[in-house]
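Residue-level structural notes
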Amino acid sequence: MDVQELIAVLTQGIRAFTWANGVMIAAGSLLIYLAIVRGYEPLLLLPIGAGCIFANLGMSAYVDGAWLATIYAFGIETELFPLLIFIGVGAMIDFRPLLAQPRLVLMGAAGQVGIYITLLLAVLLGFEMKEAAAIGVIGAIDGPTAIFVATQLAPHLLGPIAVAAYSYMSLIPIIQPPLMRLLTTPTERRVRMEYAPRPVSRAAVLIFPVVTTVFVSLLAPAAAPLIASLMLGNLLREALVVERLSLAAQHEIANMSTLFLGLAIGATMTADRFLYSPVTGFQWQTLMVLALGLFAFVMDTVAGLLFGKFMYFVSGRKINPLIGACGISAFPMAGRLAAQVAQEEDYSNFLLMHAMGANTAGQLGSVVAGGLLLALVTGIGIA
Amino acid sequence: MDVQELIAVLTQGIRAFTWANGVMIAAGSLLIYLAIVRGYEPLLLLPIGAGCIFANLGMSAYVDGAWLATIYAFGIETELFPLLIFIGVGAMIDFRPLLAQPRLVLMGAAGQVGIYITLLLAVLLGFEMKEAAAIGVIGAIDGPTAIFVATQLAPHLLGPIAVAAYSYMSLIPIIQPPLMRLLTTPTERRVRMEYAPRPVSRAAVLIFPVVTTVFVSLLAPAAAPLIASLMLGNLLREALVVERLSLAAQHEIANMSTLFLGLAIGATMTADRFLYSPVTGFQWQTLMVLALGLFAFVMDTVAGLLFGKFMYFVSGRKINPLIGACGISAFPMAGRLAAQVAQEEDYSNFLLMHAMGANTAGQLGSVVAGGLLLALVTGIGIA
Amino acid sequence: MDVQELIAVLTQGIRAFTWANGVMIAAGSLLIYLAIVRGYEPLLLLPIGAGCIFANLGMSAYVDGAWLATIYAFGIETELFPLLIFIGVGAMIDFRPLLAQPRLVLMGAAGQVGIYITLLLAVLLGFEMKEAAAIGVIGAIDGPTAIFVATQLAPHLLGPIAVAAYSYMSLIPIIQPPLMRLLTTPTERRVRMEYAPRPVSRAAVLIFPVVTTVFVSLLAPAAAPLIASLMLGNLLREALVVERLSLAAQHEIANMSTLFLGLAIGATMTADRFLYSPVTGFQWQTLMVLALGLFAFVMDTVAGLLFGKFMYFVSGRKINPLIGACGISAFPMAGRLAAQVAQEEDYSNFLLMHAMGANTAGQLGSVVAGGLLLALVTGIGIA
Amino acid sequence: MINFDNIEQALLITVIGVVLIFVVLLVMWGFMALLVRLTAPRPEPTEAQTAAATSVTDDAAVATRRKAAVVAVAVALAIEAERARAAPLLQSAPGPISPWQATLRGNALSRRAGAFRRNPPAR
Amino acid sequence: MINFDNIEQALLITVIGVVLIFVVLLVMWGFMALLVRLTAPRPEPTEAQTAAATSVTDDAAVATRRKAAVVAVAVALAIEAERARAAPLLQSAPGPISPWQATLRGNALSRRAGAFRRNPPAR
Amino acid sequence: MINFDNIEQALLITVIGVVLIFVVLLVMWGFMALLVRLTAPRPEPTEAQTAAATSVTDDAAVATRRKAAVVAVAVALAIEAERARAAPLLQSAPGPISPWQATLRGNALSRRAGAFRRNPPAR
Ligand code: NA
Ligand code: NA
Ligand code: NA
């Protein structure tokens with residue numbers, strides 16, 4: 001053991017460190033800052049930020065045998081984490097507002113149009129079809145769906161896609177209201193919607209998740225795990241007799257999956273894949289994914305609002321176009337936001353029930369759209 | 001991408017769907033119905049039912065890389081889930097009633113006779129020895145034991161065995177009382193048992209699980225993991241100083257294992273293995289397993305009651321034969337049931353302490369019998 | 001199936017059992033006794049004791065496919081369990097007392113000297129360098145660090161190392177006070193320390209874990225996972241916005257990891273590796289590890305106290321040398337102990353804040369020392 | 001750099017994808033409407049209900065009641081949503097209050113209750 | 001179709017299995033009896049106990065007390081069993097009470113504690 | 001049996017290891033001091049604070065106040081440490097109190113607050 005060897009050993013960490021690692025650590029710290037100080041989806045952005053820092057200190061998801069690689073292999077490669085989170089999400093959703101006003105389900109279709117517009121744009125910008133689809137799915141505006149689809153189509157883009165999905169999701173209150181005001185007139189925003197829902201029986205609430213699982217799984221087998229886990233969670237919730245399992249899904253399972261999912265995704269954000277590789281140079285695609293993600297959010301909102309306006313006319317001005325913006329998913333923020341904007345115009349206008357119905361429709365639509373996209377892109381055998 | 005290809009992709013799910021899948025989905029829905037509406041062991045039958053539905057929508061435990069296959073490989077193939085559940089079960093059992101009246105332990109032997117009678121019948125019906133043993137172990141009337149043994153002897157029968165074990169277990173209040181009334185006279189059922197138990201010291205309660213583990217593991221090494229996990233849970237409970245771990249075993253660990261065990265077992269219930277295979281035709285063995293399982297439950301109860309009558313005579317009419325029916329395990333339902341039936345005859349007859357003693361003896365006996373069966377069948381090298 | 005074969009099958013467990021297994025089972029029972037009756041670190045010694053018993057009943061970590069081997073492969077080989085525990089530990093530590101009096105951080109350096117003195121002695125006693133280092137790291141007096149390092153350097157010594165680490169840790173209140181009284185004078189123990197800490201802002205508390213992770217990971221990459229998980233836990237705690245995750249880290253994740261870590265480590269304590277092998281005879285190294293572990297604890301305390309005396313003189317008698325003993329880690333027992341011993345001399349002398357500062361410094365120092373040791377021993381390529 | 005094959009495919013996928021998502025959700029609409037209708041609880045008008053139905057006739061009153069109902073539901077939903085986010089607060093979820101919170105709330109209630117002491121809380 | 005070798009083996013396994021389970025549990029009986037006896041708490045009759053033991057002599061009284069004890073134990077056990085089922089309720093299990101339950105109970109107690117009503121708690 | 005190469009290496013590792021740990025923690029000292037200084041909250045003395053600062057001038061008073069502060073912090077820390085050990089008690093951790101504990105504490109507080117209001121609770 002001579003001095004040189006010793007110095008080599010002790011400076012190993014520092015020598016492996018590049019300026020790009022430094023920038024990525026700053027980026028990770030920024031995510032943590034946004035999570036803690038600004039409150040941007042802290043449950044996910046804090047772990048992602050921490051994972052990003054760790055990844056640039058030699059503990060990335062690509063170092064065989066490293067702890068974050070183990071966690072990545074365990075829960076992301078197998079796609080378990082997003083599905084387990086979905087069980088918890090399902091156990092927190094109440095589908096009654098949607099069942100009581102089933103026509104609102106169409107809003108959940110319009111809110112997915114941004115996926116495809118973004119896909120188109122990404123292809124135009126030169127992305128491969130699978131990459132473009134993975135980027136487009138940010139427009140599902142639903143974290144687990146985006147991660148589930150991206151893991152299969154373009155795992156190398158998982159980091160920026162997840163960051164985009166979750167950070168823009170937390171920006172919904174900033175992104176949506178200006179668009180709402182721009183695309184709707186005060187008269188439209190003042191529309192009051194009748195609330196005379198049909199009574200929803202317990203049987204309906206129990207049959208709904210089962211039949212929906214069967215129906216969606218048959219139509220879009222690629223979406224089957226997503227819809228199955230979401231509806232399983234909902235069934236645990238509505239069964240009432242398995243509260244232990246329902247609570248476990250919402251707490252233990254959801255908390256652990258969330259923490260480890262965030263860490264593992266952050267652990268993919270190494271400098272050479274995210275920012276600058278000595279071999280392939282700057283990784284412009286990261287910035288492009290982030291920009292396209294924002295574009296997807298805007299397009300979804302626009303499409304939702306335009307469809308809302310269409311419904312407004314078709315229904316004889318009985319549907320408030322604002323609830324079109326809830327179809328993007330982003331459950332439950334988008335729902336509450338639309339109700340708020342409506343109240344800005346008219347304090348006595350209560351849209352919340354309709355907004356929540358459209359919002360859960362958006363959740364359904366996101367899963368279906370993600371599955372159809374997977375089927376179309378992988379099924380047809382596009383390289 | 002021509003139209004035909006497109007249609008092929010989009011109808012992929014529907015084309016893979018057979019009438020048998022439909023029937024199996026109906027069966028899964030029936031399990032969920034029984035769980036929710038009838039309250040039949042909902043913690044297990046609901047996840048099994050859901051898993052069964054998922055399995056017939058392309059997400060079975062046999063599709064490499066699918067999420068339920070991942071869970072199956074993680075917890076069923078490794079046998080971890082039943083053992084983790086057993087740690088939780090052990091943490092819920094109080095062995096004091098049994099320690100205070102140790103002669104009751106014999107009841108736990110008689111209640112396992114049904115295992116062997118069923119095994120015999122299954123062999124007569126043409127099942128292989130290992131299959132027959134796996135079917136017989138339904139007669140242990142203890143879910144984790146049945147799953148642990150069946151996983152090793154006949155994993156292809158795991159689905160019907162688990163369904164039989166848990167659904168009949170929930171039918172105990174329907175199966176047992178008629179047999180009790182048939183096989184015992186009112187005079188016998190009115191026998192009051194003295195309750196003058198020895199005081200059970202804390203030392204005894206702590207030494208018991210350790211020595212029992214050593215003793216049973218030496219005598220039936222195949223049962224070692226079962227008895228070890230059960231007694232570990234009991235030790236965590238009785239230690240008092242590790243309440244964190246004891247609660248974790250009863251809640252977090254038990255809830256997660258229960259949910260995933262149920263899903264994974266349900267995921268083995270694909271139509272072609274359970275109902276009808278295009279290659280091998282109808283899977284009659286499913287119905288036979290279900291029928292033999294019911295037979296095992298009945299035989300266990302009958303054997304337990306007859307042994308109870310035997311003890312009644314041997315003891316000079318001091319032992320109420322009803323508590324023989326608690327030796328089947330089915331902890332803690334069987335214990336409470338026997339006490340209830342005794343009170344039907346004489347409201348002031350309190351058998352609960354004796355019944356619970358015999359019931360915990362049944363739990364012990366089930367584990368030992370399962371281990372001995374494994375040893376006899378696998379150890380002797382029967383094909 | 002003849003009678004001989006039958007007897008062979010049924011006596012399989014007993015025939016595999018040796019006197020050494022019996023002794024090891026007694027040793028496991030002793031650990032459980034110490035845990036339950038004496039309260040020695042029950043959360044770890046009880047599972048370790050149970051695992052030890054199981055290992056000597058045919059369920060060791062070395063039996064392929066056995067349940068404890070599965071758990072061992074899942075959490076020890078991958079090093080996940082100690083790291084997950086560290087996330088929980090980090091979420092329980094408050095670094096404010098240290099941040100308010102940063103000079104105390106030096107105490108955390110002195111308290112690690114025992115690691116190296118023990119390493120030297122172990123080498124003198126004939127241990128290989130890697131083994132000696134793994135034994136020395138008992139002197140980190142921090143369970144997860146010891147296990148993390150030993151798993152990489154000498155997994156075959158994991159059992160005795162973990163037992164030494166945790167059982168001596170629980171003996172801290174017996175080991176340290178006599179040494180404190182021996183090495184310090186009453187005058188020294190009566191020194192009152194000014195408590196005029198700088199106010200610690202929320203920003204400092206949030207920046208500290210991030211920068212510490214970066215700094216330590218660069219200097220000692222081998223320690224990166226340890227410091228990263230510890231600081232991640234601390235960040236979850238201090239973020240305040242992710243209480244769900246912080247609580248999950250402290251409870252669900254910590255409880256499960258603790259239970260399974262203890263079991264898996266106990267499962268390495270088979271008689272032939274721990275006590276007596278028919279091939280290689282008595283395993284003296286076990287006793288030597290236990291003795292060297294005790295030596296490490298003593299040396300750490302001595303070094304800490306001597307450094308405390310040094311600081312006492314350097315500071316112009318303003319630093320109480322007792323807090324030197326807190327630098328060994330053993331968080332938080334050592335901190336409280338030093339404060340107590342100081343109060344024995346002078347009831348109105350409150351050292352707790354300083355002691356806790358030095359104690360958290362010891363926690364940091366342990367991790368850094370463990371990482372440096374790993375780097376020095378593995379990095380330089382010593383056989 | 002632009003691959004026209006890819007763009008053609010992307011356009012195709014877009015059209016098919018958008019159409020399909022609408023088709024699927026339209027079918028869902030039908031299914032949901034049917035499901036709710038078929039499983040609707042049989043209307044068995046009790047006396048009270050009938051009375052209420054007849055007594056309230058003018059539109060204004062109906063509107064007011066409807067609004068009140070909507071407000072109640074909205075508030076309830078908002079609370080639910082909050083809860084779902086801060087999930088530890090759900091039903092009997094773990095750790096809903098700290099020991100001292102409980103104590104102080106009890107305390108606060110007691111003080112407040114001072115005014116109505118003669119009418120002890122119904123439950 | 002019937003395999004007589006198999007049946008012979010099955011019969012053998014049945015006989016051996018049934019015998020063995022009885023043997024094992026018989027040994028367990030012995031062990032348990034011994035264990036409880038050897039670890040029994042030393043009987044150190046206190047004055048009160050002795051007094052009780054002598055004062056209650058007639059069989060009827062003994063029977064009554066025994067019955068009462070059994071009832072108490074039975075009720076306790078049943079409660080325990082219920083608890084074990086609804087495990088979240090165990091001992092200091094997570095979330096034993098909702099915030100408002102705690103509050104209202106505190107309230108109830110306070111009211112009962114009427115003695116101190118004049119000095120409402122400072123906070 | 002003694003391998004002198006190994007011993008030499010061990011000595012080297014010891015020296016380097018001990019030196020390095022001190023170096024690393026010295027750097028940490030500097031970093032921590034800097035961090036706390038740079039992020040210190042801006043001192044904006046309010047009137048009250050200024051008044052207090054000027055009114056308390058004699059050393060004895062300062063010492064007393066300092067001691068009181070230390071006691072308070074020490075107690076708080078000890079409680080925290082206890083909590084950290086029995087982690088289920090942390091903040092709003094699951095199941096921190098049983099229903100009746102909560103109730104009785106509320107009760108105790110009420111009573112204590114009433115009787116001894118002049119003497120703030122001892123602990
Ligand atoms: Na969406
Ligand atoms: Na049984
Ligand atoms: Na240390």
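Residues numbered from 1 in each chain as written. Chains lettered and ligands numbered in written order. Predicted model: local features only at pLDDT ≥ 70, side-chain atom pairs only at ≥ 80, totals over all residues. Heavy atoms only, no water.

1. Notes on the overall build of chain A
- Counting its secondary structure elements, chain A contains 21 helices and two strands.
- Compactness check: chain A gives a C-alpha radius of gyration of 22 Å against a globular reference of 21 Å for 383 residues, within 12% of the reference.
- Overall, chain A is about 85 × 45 × 45 Å in size when its C-alpha atoms are taken along their principal axes.
- Relative to all contacts within chain A whose residues are 6 or more apart in sequence, the contacts with residues 24 or more apart total 77%.
- Across chain A, the 18 positively charged side chains and the 20 negatively charged ones have centroids separated by 14 Å. (Helix = DSSP H or I, 4+ residues; strand = E, 2+ residues; numbered from the N terminus. Rg over C-alpha atoms; globule rule 2.2 N^0.38 Å. Contact = heavy atoms within 4.5 Å. Lys, Arg positive; Asp, Glu negative; His and termini not counted. Charge placed at Lys NZ, Arg CZ, Asp CG, Glu CD.)

2. Considerations on the coordination of the sodium ion (ligand 3)
All names here are of chain C.
- Gln112 (OE1), Gln112 (NE2), Ala140 (O), Ile328 (O) and Ser366 (OG) make up the full set of protein donors to the sodium ion (ligand 3), lying at 2.2 to 3.1 Å.
- Sequence spacing of the donors to the sodium ion (ligand 3): Q-x27-A-x187-I-x37-S. One end of the pair, Gln112, is in the loop between helix H8 (107-110) and helix H9 (113-124); the other, Ala140, is in the loop between helix H10 (129-136) and helix H11 (143-153), and 28 residues separate them in sequence. Across the pair, exposure class does not vary: Gln112 and Ala140 are buried alike. (Donors = N, O, S within 2.8 Å, 3.2 Å for Na, K, Ca; no water. Buried < 20%, exposed > 50% of the residue type's maximum accessible area, 1.4 Å probe, protein only.)

3. Thoughts on a nonpolar patch on the surface
Residue and element names in this part refer to chain A.
- A cluster of nonpolar residues, Trp19, Val23, Phe282, Trp284 and Leu287, forms a patch on the protein surface that exposes about 570 Å² of accessible area.
- As for its placement among the helices and strands, Phe282 is situated in strand E2 (residues 281-282).
- Overall, the relative accessible area of 43% leaves Phe282 in the partly exposed class. (Patch = residues over 30% accessible without salt bridge, like charges linked within 9 Å, V, L, I, M, F, W, Y side chains within 5 Å. Areas by Shrake-Rupley, 256 points an atom, 1.4 Å probe, with all protein chains shown as cover. Salt bridge = Lys/Arg side-chain N within 4 Å of Asp/Glu carboxyl O.)

4. Describing the coordination of the sodium ion (ligand 2)
Residues and elements named next belong to chain B.
- Protein-derived ligands of the sodium ion (ligand 2) are Gln112 (OE1), Gln112 (NE2), Ala140 (O), Ile328 (O) and Ser366 (OG), with the metal-ligand distances lying across 2.2 to 3.1 Å.
- The sequence pattern describing where the donors of the sodium ion (ligand 2) fall on their chain is Q-x27-A-x187-I-x37-S. Residue Gln112 is found in the loop between helix H8 (107-110) and helix H9 (113-124), and its partner Ser366 is found in helix H20 (residues 352-379); the two are separated by 254 residues along the sequence.
- Look at Ser366 and you get buried, because its relative accessible area is 0%.

5. Observations regarding the side chain of C:Thr286
Residues and elements named next belong to chain C.
- Secondary-structure assignment places Thr286 in helix H18 (residues 284-314).
- For Thr286, a relative accessible area of 4% corresponds to the buried category.
- Ignoring sequence-local partners within four residues, the contact set of Thr286 consists of Pro160, Arg273 and Phe274.

6. Focus on the packing of H9(C) against H18(C)
Residue and element names in this part refer to chain C.
- One way to put it is that H9 packs onto H18 with a least axis distance of 7 Å and a crossing angle of 140 degrees. Classified by the angle between their axes, H9 and H18 sit oblique to one another. Crossing angle aside, the handedness with which H9 passes H18 is right-handed. On H18, the residues touching Val113, Gly114, Ile115, Ile117, Thr118, Leu121 and Ala122 of H9 are Leu292, Phe295, Ala296, Met299, Asp300 and Ala303. (Axes fitted to C-alpha atoms, helices over the stretch in contact; angles between N-to-C directions. Parallel < 35°, antiparallel > 145°, perpendicular 65-115°, else oblique. Left-handed = near helix turned anticlockwise from the far one by under 90°.)

7. Overview of unusual backbone geometry
- Each neighbour pair has its own omega, and for B:Phe331 with B:Pro332 the value is -5 degrees, a cis peptide bond.
- Phi is positive for A:Ile141, close to 50 degrees, though the residue is something other than glycine.
- When its relative accessible area of 1% is taken as the criterion, A:Ile141 is described as buried.
- For A:Ser329, which is not glycine, the phi dihedral falls at a positive 85 degrees.

8. Concerning the packing of helix H4 (residues 42-55) of chain B against helix H16 (residues 243-266) of chain B
Residue and element names in this part refer to chain B.
- In the contact formed by H4 and H16, the axes pass within 6 Å of each other and the chain directions differ by 40 degrees. When the axis of H4 is compared with that of H16, the two are oblique. Considering how the two elements wind past one another, H4 and H16 form a crossing that is right-handed. Residues Leu43, Leu44, Pro47, Ile48, Ala50, Gly51, Cys52, Phe54 and Ala55 of H4 lie in contact with H16, whose contacting residues are Thr258, Leu259, Leu261, Gly262, Leu263, Ile265 and Gly266.
- Here the residues of the contact of H4 with H16 sort into twelve nonpolar, four polar and no charged. (Nonpolar A, V, L, I, M, F, W, Y, C, P; charged D, E, K, R; others polar.)

9. A short note on the side chain of C:Asp142
- Note on placement: C:Asp142 falls in the loop between H10 and H11.
- In this structure the side chain of C:Asp142 is engaged in a polar contact, spanning 2.9 Å, whose partner is the side chain of C:Gln363. (Polar contact = N/O pair within 3.5 Å; in protein donor to acceptor, adjacent residues only side chain to side chain.)

10. Observations concerning the pattern of salt bridges
- By the definition in use, this model includes 24 salt bridges over all chains.
- Between B:Asp346 and B:Arg192 there is a salt bridge; the shortest N-O distance is 2.9 Å. Within this pair, whereas B:Asp346 is found in the loop between helix H19 (333-345) and H20, its partner B:Arg192 is found in the loop between helix H13 (186-189) and helix H14 (202-219), the two being separated by 154 residues in sequence.
- A relative accessible area of 41% places B:Arg192 in the partly exposed class.
- We note a salt bridge from C:Arg96 to C:Glu238, for which the minimum N-O separation is 3.0 Å. Residue C:Arg96 is located in helix H7 (residues 96-100), and its partner C:Glu238 is located in helix H15 (residues 224-239); the two are separated by 142 residues in the primary sequence.
- A relative accessible area of 31% places C:Arg96 in the partly exposed class.
- Judged by its relative accessible area of 4%, C:Glu238 falls in the buried class.
- A single network of salt bridges, built from pairs that share partners, joins A:Asp94, A:Arg96, A:Arg237 and A:Glu238.

11. A few points about the confidence of the model for chain D
All names here are of chain D.
- Averaged over every residue, the pLDDT of chain D is 56; residues scoring 70 or more account for 31%.
- No element of chain D has a lower mean pLDDT than helix H4 (residues 99-113), which averages 35, and none a higher one than helix H1 (residues 4-38), which averages 90.
- Counted against residues more than four places away or in other chains, residues 47-58, with its pLDDT under 50, gives five contacts.
- Low pLDDT (under 50) marks residues 80-123, which in the prediction has 83 contacts with non-local residues, meaning those over four places away or in another chain.
- Prediction confidence for the complex, expressed as pTM and ipTM, is 0.84 and 0.80 respectively. (pLDDT = per-residue confidence, 0-100.)

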